[in-house]
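A structural walkthrough
So you can see what is in the structure, the chains are spelled out below.
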Amino acid sequence: MQVSIFGAGRRWWSDVASRHGHLAAARQFLAALWEFARDSTPERRRQRYGDADYDWNHRVNTTSGAVGWRERLVGQFHSSYQPTEPAVFHEMLEGLQQQTRIDYRDFLFVDLGSGKGRTLLMASDYPFRRIVGIELLPSLHQIALENISKYQSESQKCHVLQSICDDATNFRFPAQPTVVYLFHPLPDAGLRRLIVNLTESLRHNPRPVYVLYHNPLLENVVLESPVLRKIAGAEQYSAYASQPT
Ligand SMILES: C[S@@+](CC[C@H](N)C(=O)[O-])C[C@H]1O[C@@H](n2cnc3c(N)ncnc32)[C@H](O)[C@@H]1O
C-alpha cells in the first residue's frame, strides 16, 4: 500500500474542513508546511538523531533521524514519526501492571501507529501472548520488520512480534484481552474512527482492554467512548480501562 503525499493531504483537508471550515483548514495547512520546513533544518535533523542510545544498545534503527522527506511530509498530515523513550515506556507498562495486577501473559500488545517498531521491541521484554504493530507508511513498516528480525535481548520474554502495514483506522481489534498503545498516531478525525471501532469491538466482545495513551493531546476523543474510563494520568501519558456499558 503506497501512501501518496497528495492523497494524504486531500484526506486531511476534507477531515479538517468538514469539522472546522475551509479557512481554518487553510491556516492549519500553512502551519503544517511551515513546521515541515522548520523540521528540515540541519539543527532539527541533528536533534532527531539525539536519542540514538536505544539503537546503539540493541543494534537496531528506530530513531527519527533517518526518516526521509516524503515520510516527514506525509507525517504532517497524519502524525510524524517519533519513537517512544524507553524510560517512559517502561514506566507506563510497569505502572499499569502494578495498578491493575493483570498478568501480561493473558494479553496482546497492539501499537497503532508503530513506526519503526521500537515499542514492539520494548514490549517484548514483557511476557505478552503476542505483539502487533500497525504502521501506515510502508518504508517505516519495512524498517520495523528488519528491526524485529535483528533484535536480540537477554530480557526478551515474548518472541511473537508482527508489524503490519495498514491504516490503523481499519484495524479490527482481536477479541482477546489487549493492551492498546497510542503515541499520538492520528489527528482528530482518525482517532475518532479508531476509538469508535474499539468501542464497537468492546460492545460485541466485552473483555479486559487497557489503552495507554502517550502524549494524550486528544484525550477528549478517548473519553467520549462510553466503554472506556480513565484509570491513571501522569504528565506524559494517560491510561484507560474497558468497562461494561
Ligand atoms: C509519534 S509516532 C509513534 C511511533 C511508535 N508508536 C512509538 O511510540 O515509538 C506515530 C506513528 O503513527 C503513524 N501513523 C500515522 N497515521 C497512521 C495511520 N492512519 N495508521 C497507522 N499508522 C499511522 C506514523 O507514520 C508514525 O509512525
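The structure under discussion appears in the preceding block.
Since the model is a prediction, treat every value here as computed from it, not as a measurement.

Further remarks concern the overall build of the protein. Of the regular secondary structure elements, the protein holds ten helices and seven strands. Its C-alpha atoms give the protein a radius of gyration of 18 Å, within 12% of the compact-globule value 18 Å for 245 residues. Seen along its three principal axes, the alpha-carbon backbone of the protein occupies a region of about 45 × 45 × 35 Å. Residue burial in the protein is summarised as follows: out of 245 residues, 49% are buried. In the protein, the proportion of contacts linking residues at least 24 apart, taken out of those at least 6 apart, comes to 67%. Of the roughly 12300 Å² of accessible surface on the protein, 52% is carried by carbon and sulfur atoms. Taken together, the 27 basic and 25 acidic charged side chains of the protein have centroids lying 4 Å from each other.

The next subject is the site of the ligand. Close contacts around the ligand come from 24 residues, with Thr84, Asp111, Gly113, Glu135 and Ala168 the closest. Ala168 has a polar backbone atom sitting 2.8 Å from a nitrogen atom of the ligand. Protein contact buries 98% of the 600 Å² of open area that the ligand shows by itself. Those elements giving two or more residues to the shell around the ligand turn out to be strand 2 (130–135) and strand 4 (178–183).

With respect to topology, seven strands assemble into an open sheet ordered 3-2-1-4-5-7-6, the strand pairing being mixed. Two strands in the sheet have a free side with no partner beyond their single neighbour: strand 3 (161–165) and strand 6 (228–233). Averaged over all pairs of adjacent strands, the angle between strand axes in this sheet comes to 20°, irrespective of strand direction. Here six bridges tie strand 4 to strand 5 (residues 209–214), and the two strands are oriented parallel to one another. Counted as the bridge partner of Phe183 is His214 from strand 5. Along the sheet, helix 8 (residues 138–150) makes contact with strand 2 and strand 3, crossing strand 3 at roughly 165°. Taken strand by strand, helix 9 (residues 188–204) contacts strand 1 (108–112), strand 4, strand 5, strand 6 and strand 7 (237–242), and its axis lies near 165° from that of strand 5.

With 30 residues, the main nonpolar core has Phe109 and Phe128 as its most contacted residues. Elements with a contribution of two residues or more to this core: helix 6 (86–100), helix 7 (118–123), strand 4, strand 5 and strand 7. Among the elements that line this core, the one with the most residues is helix 6, at five residues. Setting aside residues up to four positions removed in sequence, Phe128 forms contacts with Leu93, Tyr104, Phe107, Leu108, Phe109, Ala123, Cys158 and Val179.

In this section: the pairing of strand 4. Most of strand 4 sits inside the fold, with six of its six residues counted as buried. Burial along strand 4 is two-sided: the residues Thr178, Val180 and Leu182 and Val179, Tyr181 and Phe183 are all buried. The sheet contact formed by strand 1 and strand 4 spans four bridges and is parallel. Within strand 4, the residue paired with Asp111 across the bridge is Tyr181. Each parallel crossover has a hand, and the one from strand 4 via helix 9 to strand 5 is right-handed.

A pair can form between side chains of opposite charge whenever their charged atoms are brought close. In the structure shown here, the tally under the stated rule is eight salt bridges. Here Glu224 ties to Arg192 by a salt bridge, and the two come within 2.7 Å at their closest N and O atoms. A residue pair is termed long-range when its members are at least 10 positions apart, and Glu224 in the loop between helix 10 (219–223) and strand 6 and Arg192 in helix 9 qualify at 32 residues. In this structure, Arg203 engages Glu200 in a salt bridge whose closest nitrogen and oxygen atoms are separated by 3.7 Å. In this pair, Arg203 and Glu200 are both assigned in helix 9, three residues apart and thus about one turn of the helix distant. Classification of Glu200 by relative accessible area gives partly exposed; the value is 36%. Look at the salt bridges and you will find they share partners, linking Arg19, Asp188, Arg192 and Glu224 into a network.

Before going further, it helps to examine the environment of Gln162. Here Gln162 is to be found in strand 3. Note on Gln162: relative accessible area 34%, which makes it partly exposed. C-alpha of Gln162 to C-alpha of Leu217: the two residues are 55 residues apart in sequence and 27 Å apart in space. Ignoring sequence-local partners within four residues, the contact set of Gln162 consists of Leu120, Arg130, Ile131, Val132, Gly133 and Ile148.

Reading the values: the criteria
- Residues numbered from 1 in each chain as written.
- Predicted model: local features only at pLDDT ≥ 70, side-chain atom pairs only at ≥ 80, totals over all residues.
- Heavy atoms only, no water.
- Helix = DSSP H or I, 4+ residues; strand = E, 2+ residues; numbered from the N terminus.
- Rg over C-alpha atoms; globule rule 2.2 N^0.38 Å.
- Buried < 20%, exposed > 50% of the residue type's maximum accessible area, 1.4 Å probe, protein only.
- Contact = heavy atoms within 4.5 Å.
- Areas by Shrake-Rupley, 256 points an atom, 1.4 Å probe, with all protein chains shown as cover.
- Lys, Arg positive; Asp, Glu negative; His and termini not counted.
- Charge placed at Lys NZ, Arg CZ, Asp CG, Glu CD.
- Near = heavy atom within 4 Å.
- Polar contact = N/O pair within 3.5 Å; in protein donor to acceptor, adjacent residues only side chain to side chain.
- Pairing = 2+ DSSP bridges.
- Axes fitted to C-alpha atoms, helices over the stretch in contact; angles between N-to-C directions.
- Core = buried A, V, L, I, M, F, W, Y, C linked by side-chain atoms within 4.5 Å.
- Right-handed = clockwise from strand over helix to strand, strands pointing away.
- Salt bridge = Lys/Arg side-chain N within 4 Å of Asp/Glu carboxyl O.

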